[in-house]
Structures are given as structure tokens and as C-alpha cells.
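Read off the chains here:
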Amino acid sequence: MPVPKGSTIDPERTRAGIVEAATPLLYERGLDGIGVAELCALVGASKETLYRYFGSKEGLIQAVLEARSERVTTWIAGAVAAAGDDPRDQLAAVFDELQRWYDEPGFRGCAMQNAAAQHHAEAVRAITSRHLDRRLDLLTAIARRAGAVDAEALGRQLLVLVEGATLLAAHHDRTNVGNHAKQAALALLSTV
């Protein structure tokens, strides 16, 4: 991220710019599918800059995954909030958003699922685990609002549907998989 002569370096902006530029590259190519030199060239940062802000490529990967988790969690929570007060509508909104995502031409699966499968570093696995915990919390809250006797168990069942649908959309057939999962989720919700 070259800084024009005479400009002041803003560390937070520089760091955020590198994360933003690296995110689609790492998603498209995989965490291990691009070397440091090529990654630096494509994001417009020197190796020294990458190491200064992230310590290593691993540090950049962690920052990208954390930012992506935050963005995805905010996106899904926003869809739930926009759906109104009815838990059925909230749950339907989750799967409707997922289906829209699955239908995007650049869809390559869940970055968190991909990271957990591709990269066995403990820090990456911890980020993916926190991401799933946040998603589980959202789904459990919907189950609780629906009056589920065991909201935690229902939340876990709904998480299985979300994650399973995403995996199928990425590696099998994405056609209506979110809609099929939505029907199963709504059927589970109907039993409470």
C-alpha cells in the first residue's frame, strides 16, 4: 500500500487495507494457495509491511478470518433483525440470506469451513470455533424466542443444518440447498 510522498501513514488504515485486499485472494485461492511474495505483490504491500502489521502470513490469515467472521455474523444478525419479531420469519431469513450467498457466482463455500479443513494451525481453528459459537448463539436465541424447551439442543440442530447446507452448496449442488435446509429448520421449529 504505497503512501504518497509527504503523506502521513495511518497504521489502522494500512492494516485494514491489507486485510481487505487479501480477503478475496485468500478466499479464491485458499489459505495455502498463494505464497507471501505473490500475496504482497497482489495486495500492494511489501513483505516488510506485511510482517510489521501481522508478524507473518499466519497473522494476516488470522486477521482476514477474524474480519470475515465479524462481517458474516453482522450480516446474518442484520437479516434476523430485519425479519421482525416472529422466530419463524427470523429463521427463514437466515436461510434466505444463505441461499442468496450460495447463488453468487464467486461462492466457494464458507471461509471458516475452508480454513478449518485447509489449515490446521491452532489459532485458525480457534477463530473458526469462535465463529461457530457466534452462529450457534444466534440460532439458539431464535430457538429460545420460539419457546423451545431445550433451546440449546435446537440451536445445535439448526447449526448442523446451516453448516451442512453450506458444505453441500460448496461441494455438491447449490441448487435450492438453502431452501431445502430452511424447510427442515422450520419443521424443527414447528415441533417446539
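Please read all numbers here as calculations on a predicted model, not as lab measurements. (Residues numbered from 1 in each chain as written. Predicted model: local features only at pLDDT ≥ 70, side-chain atom pairs only at ≥ 80, totals over all residues. Heavy atoms only, no water.)

Enquirer: Would you mind showing me how to read the environment of Leu 65 here?
Expert: Positionally, Leu 65 belongs in helix α4 (residues 57-82). Since its relative accessible area comes to 3%, Leu 65 is described here as buried. Taking the C-alpha atoms as reference points, Leu 65 and Ala 111, 46 residues apart in sequence, are found 7.5 Å from one another. When near neighbours in sequence (up to four residues on either side) are disregarded, Leu 65 contacts Leu 31, Ala 111, Met 112, Ala 115, Val 124 and Ile 127. (Helix = DSSP H or I, 4+ residues; strand = E, 2+ residues; numbered from the N terminus. Buried < 20%, exposed > 50% of the residue type's maximum accessible area, 1.4 Å probe, protein only. Contact = heavy atoms within 4.5 Å.)

Enquirer: Looking at this structure, I do not really get empty space enclosed by the protein. What am I missing?
Expert: A water-sized probe rolled over the atoms picks out the places where empty space is left. For the structure shown, the criterion picks out two cavities of 30 Å³ or more. What the largest cavity holds in volume is close to 100 Å³. For the lining of the largest cavity, the secondary-structure elements that each account for two or more residues are α1 (11-29), α4 and α6 (111-118). The residue makeup of the lining of the largest cavity, split by class, is seven nonpolar, four polar and one charged. Counted as a void, the second largest cavity has a volume near 50 Å³. (1 Å grid on protein atoms, 1.4 Å probe; cavity = no way out; pocket = protein on both sides within 12 Å on 5 of 7 lines; lining within 4 Å. Points joined across faces, edges and corners; volume = space filled by probe spheres on them. Nonpolar A, V, L, I, M, F, W, Y, C, P; charged D, E, K, R; others polar.)

Enquirer: Is there a simple way to explain α1 in this structure?
Expert: Each full turn of the α-helix corresponds to 3.6 residues, which orients residues three or four apart in the same direction. In this model α1 runs 27 Å from its N-terminal to its C-terminal C-alpha over 19 residues, within 8% of the 27 Å that 1.5 Å per residue would give. A bend of about 30° at Ala 22 is the largest found in α1, and the proline Pro 24 appears one to four places after it. Restricting attention to buried positions, one finds in α1 the residues Thr 14, Gly 17, Ile 18, Val 19, Ala 22, Thr 23, Leu 25, Leu 26 and Tyr 27. In this structure, the buried side of α1 is in contact with α2 (36-43), α3 (47-54), α4, α5 (87-102) and α6. In the stretch just after α1, Gly 30 is the one whose phi turns positive, near 90°. (Expected span 1.5 Å × (residues − 1). Bend = angle between axes of the 7 residues up to and from the residue.)

Enquirer: What am I meant to see in the packing of aromatic side chains here?
Expert: Centre-to-centre distance and the angle between the planes together describe a pair of aromatic rings. Overall, the coordinates contain four aromatic pairs when judged by the stated rule. Taking the centre distance of 5.9 Å and the plane angle of 35° together, the rings of Trp 101 and Tyr 102 count as tilted. Like Tyr 102, Trp 101 is buried. Ring centres 4.9 Å apart and planes at 85° place the aromatic pair Trp 101 and Phe 107 in the edge-to-face group. (Phe/Tyr/Trp six-rings, centres within 6.5 Å; stacked < 30°, edge-to-face > 60°.)

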